[in-house]
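Per-entry structural report
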Amino acid sequence: MTSGVKDEKGYSPTDRYSEISITVPDIIWCAYAFLSITLISVVFLNCNLFSFVIRYSIGGSALAQGSVFGVAAILPSKHMKAALEGQAVSGILASLANIVSIAASSSATTNGLVYFLVALVFVTATAALFLVLPKNGYFKYYWDKKDSPDKNNIESDPSLKGVTNDCNESQELVISINKSGILSTMKETFLPGICVLITLMITLSLFPAVVARIRPITVIPQDLWTNVYFVPVLVYLLYNVGDWCGRMLAGLIKWPRRNQMLIVLLLCVLRAAIIPLCMLCNAQPRNYLPVIFKHDIFPAFMILFLGLTNGYLVSISMIHGPRQVFFASPGNQESAGAALSIYLSFGLSLGVAISVGLVQGL
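In this text, all values refer to a predicted model and were calculated from it rather than measured experimentally.

Before going further, it helps to spend a moment on the state of the cysteines. Scanning all chains against the criterion turns up zero disulfides. Counting only cysteine sulfurs, Cys268 is the nearest neighbor of Cys195, a cysteine outside any disulfide, at a range of 4.4 Å. The structure places no disulfide on Cys278, whose sulfur is separated from the nearest cysteine sulfur, that of Cys281, by 5.7 Å.

Moving on: the packing of aromatic side chains. Considering all chains together, one arrives at seven aromatic pairs under this definition. Three or more aromatic residues joined by ring pairs make a cluster, and in this case those are Tyr138, Tyr141 and Tyr142.

Before going further, it helps to examine helix 3 (residues 77–104). At 3.6 residues per turn, the α-helix brings residues three or four places apart onto the same side. The terminal C-alpha atoms of helix 3, which comprises 28 residues, lie 41 Å apart, in line with the 40 Å expected from a rise of 1.5 Å per residue. Turning to helix 3, its buried residues are Met80, Leu84, Glu85, Ala88, Gly91, Ile92, Ser95, Ile99 and Ser101. Contacts made by the buried residues of helix 3 are with helix 2 (68–73), helix 4 (108–132), helix 10 (224–253) and helix 13 (297–320).

Quick look at the confidence of the model for the chain now. The predicted model of the chain has a mean per-residue pLDDT of 77, with 70% of residues at 70 or higher. Highest mean pLDDT in the chain belongs to helix 12 (residues 274–279) (96); lowest belongs to helix 7 (residues 164–172) (45). Counting interchain partners and residues more than four positions distant, the pLDDT-below-50 stretch residues 152–157 has 13 contacts.

Formed by 39 residues in total, the largest nonpolar core has its most connected members in Leu206, Val211, Val264, Ile274 and Ile275. Residue assignment for this core shows that the elements contributing at least two residues are helix 9 (190–206), helix 10, helix 11 (261–270), helix 12, helix 13 and helix 14 (333–360). Every residue in contact with Ile274, bar those within four places of it in the chain, is listed here: Ile202, Leu206, Met302, Phe305 and Leu306. Ala73, Leu200, Val314 and Leu340 belong to the second-largest nonpolar core, a separate cluster that totals 12 residues.

Let's shift gears to the side chain of Ser95. Among the structural elements, Ser95 can be located in helix 3. Within the structure, Ser95 has its side chain in polar contact with the backbone oxygen of Tyr236 (distance 3.4 Å).

This part covers helix 11. Within the sequence span of helix 11, burial applies to Met261, Val264 and Cys268. Viewed end-on, helix 11 has its buried residues packed into an arc of 50°, placing them on one side of the element. In helix 11, the exposed residues that point more than 90 degrees away from the buried face are Leu262, Leu266 and Leu270. For helix 11, the secondary structure elements touched by its buried residues are helix 9 and helix 13.

Calculation rules
Residues numbered from 1 in each chain as written. Predicted model: local features only at pLDDT ≥ 70, side-chain atom pairs only at ≥ 80, totals over all residues. Heavy atoms only, no water. Disulfide = S-S within 2.5 Å. Phe/Tyr/Trp six-rings, centres within 6.5 Å; stacked < 30°, edge-to-face > 60°. Helix = DSSP H or I, 4+ residues; strand = E, 2+ residues; numbered from the N terminus. Expected span 1.5 Å × (residues − 1). Buried < 20%, exposed > 50% of the residue type's maximum accessible area, 1.4 Å probe, protein only. Contact = heavy atoms within 4.5 Å. pLDDT = per-residue confidence, 0-100. Core = buried A, V, L, I, M, F, W, Y, C linked by side-chain atoms within 4.5 Å. Polar contact = N/O pair within 3.5 Å; in protein donor to acceptor, adjacent residues only side chain to side chain. Arc of directions from axis to C-beta.

This is the structure:
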């Protein structure tokens, strides 16, 4: 076909090339625009919406203090436990959705659209619940008394018997509550905060970057388990179930006590031993390290242990951190919850950075 000759649809070769040169950049630009809008929306919703609602519906809440953990911190500890368990349940639901979508053999485009719409529904529902939260009598009761010393919290904890009287007397002398800034609060909650940071740093250094590369020792052709469901079930679902169980156990056992956070810190540091063990499993591709654990049961136990300990240690630290006497000063529980969420974010970021090096070292 020469220049100037048109095909049956009325296109010349020049027209087709010009159409392609215009269409492809337009498609790429639309994809980048959609991604940018999505990411900006996520940042806005997480950083501003909830704090805006709490601040202007109730009053007196700064940006960092408007987080979910900041709000949960002013309520009894069972609500912090519930918030943490909700995170784990969301991981289980996402893992199950992944397995169902694989079983349904739907396209990646359809799956992405469904996940996006489901997330949008949950975010919208959460925002609506935050809007009505200030009208809840139970919440208003604790919000109004959040500046008062938490005497009931002290008396109900048997680990504080030796300091109860002194703390009650000193807190009764407090005439005006000095609300600390976020940096000062981070210093107050340094011990539980560093426990959260170390725990999540170790977790994110392995999950999912390293453990998602683990493959079955024996791959059977045409076998659905070894070729399709091994990673979604053994890695993602098993980890999230373990994480949820760990958070449940933390709310039931509540050990170590809040005056024993050094024990929690020691457990967090010792937990780092799981890193070399996971790297010696059959994670592929690998160039340097040998495969020592040549059975699929070993990575299963390691991933379950990783999830259990992550859920337990994070929950213990987050539950004890905003409590008064040992960490948060009177009336400062909300800031303490927000400060712990900052430690949590640092732990996630450091873990992701370390995971890059671990993957390269396989």
